[in-house]
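Coordinate analysis (summary)
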Amino acid sequence: MAIPAHVAIIMDGNGRWAASRHLPKIAGHREGARAVRRTIQAAIEAGVSWLTIYAFSSENWRRPLGEVLDLTGLLRQYLKSEIAELKANGVRLRFIGDRAKFDQNIRADLDQAERDTAVNSRLNLIVALSYGGRAEIVAAAQGLAQAARDGRLEAARIDEGLFAGSLATAGFPDPDLIIRTSGEQRLSNFLLWQAAYAELVFLDVLWPDFGPENFAAALAEYARRERRFGARPG
């Protein structure tokens, strides 16, 4: 079976999971963190080399302050409790997104987590935090425009490769497969440039209930697809 090198996941449904059980939203987010742990293990066992998860979007800052504080607090707790296991499992952890919006303590935790796992290579785990695809594209365009204005770059040299190298994901392979849970069928500003030729799989399962069998089902669906990248079959 063909295994995607890079799987990206839009983890959706924590709030609905909690609401259906008459629990506070933070309970759904905590259970969602457990689903992340299961998914990392499933990716390792399947032989996936890159896993990107959409943990906190740029739009999530608009949520009620209490929920944002719960989410950022859970992030710090996750980093402190999971780093040892990630290191033991050979997982390299990296973050993409606008870190400037987080407080200094969280930024320090993110930097430390990246340093602590930098030598690992079994699985590259990319966590999108305070991330938005449109903002990423705008930032890349602004950087290239500034370089051209300063005389460091000829505008005629800008092509897809140079532009991709200016994104937050520079040096990462584009996702082969993007999974979204909860039954919703949209990208929600996630990896808009990188998703150009990704296979999309939408699953009618809330993220806290996501497990190895759901991950395997998505991989099986991916394996059934014929990827032509715009070309006709020979």
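Residues numbered from 1 in each chain as written. Predicted model: local features only at pLDDT ≥ 70, side-chain atom pairs only at ≥ 80, totals over all residues. Heavy atoms only, no water.

**So, the sheet that holds strand β6 (residues 199-202)**
Ordered in space as β3-β4-β2-β1-β5-β6, the six strands form an open sheet in which the pairing is parallel. Edge positions in the sheet fall to β3 (91-96) and β6, since each has one partner strand and no second. Across the sheet, the mean angle from the axis of one strand to that of its neighbour is 20°, orientation sign disregarded. Set on the sheet, helix α3 (residues 65-88) makes contact with β2 (50-57), β3 and β4 (123-131); between it and β3 the angle comes to about 155°. (Pairing = 2+ DSSP bridges. Helix = DSSP H or I, 4+ residues; strand = E, 2+ residues; numbered from the N terminus. Axes fitted to C-alpha atoms, helices over the stretch in contact; angles between N-to-C directions. Contact = heavy atoms within 4.5 Å.)

**What to know about the packing of helix α2 (residues 25-46) against α3**
For the pair α2 and α3, the least separation of the axes is 11 Å and the interaxial angle reads 30°. Considered as vectors, α2 and α3 are oriented roughly parallel to each other. Read as a crossing pair, α2 and α3 show a hand that is right-handed. Where α2 abuts α3, its residues Lys-25, Ile-26, His-29, Arg-30, Ala-33, Val-36, Arg-37 and Ile-40 lie against Glu-67, Asp-70, Leu-71, Leu-74, Tyr-78, Glu-82, Glu-85 and Leu-86. (Parallel < 35°, antiparallel > 145°, perpendicular 65-115°, else oblique. Left-handed = near helix turned anticlockwise from the far one by under 90°.)

**As for α2**
Relative to the 32 Å expected for 22 residues at 1.5 Å per residue, α2 spans 31 Å between its end C-alpha atoms, a close match to the ideal helical length. Following α2 by one or two positions, Gly-47 adopts a phi angle in the positive range, close to 90°. (Expected span 1.5 Å × (residues − 1).)

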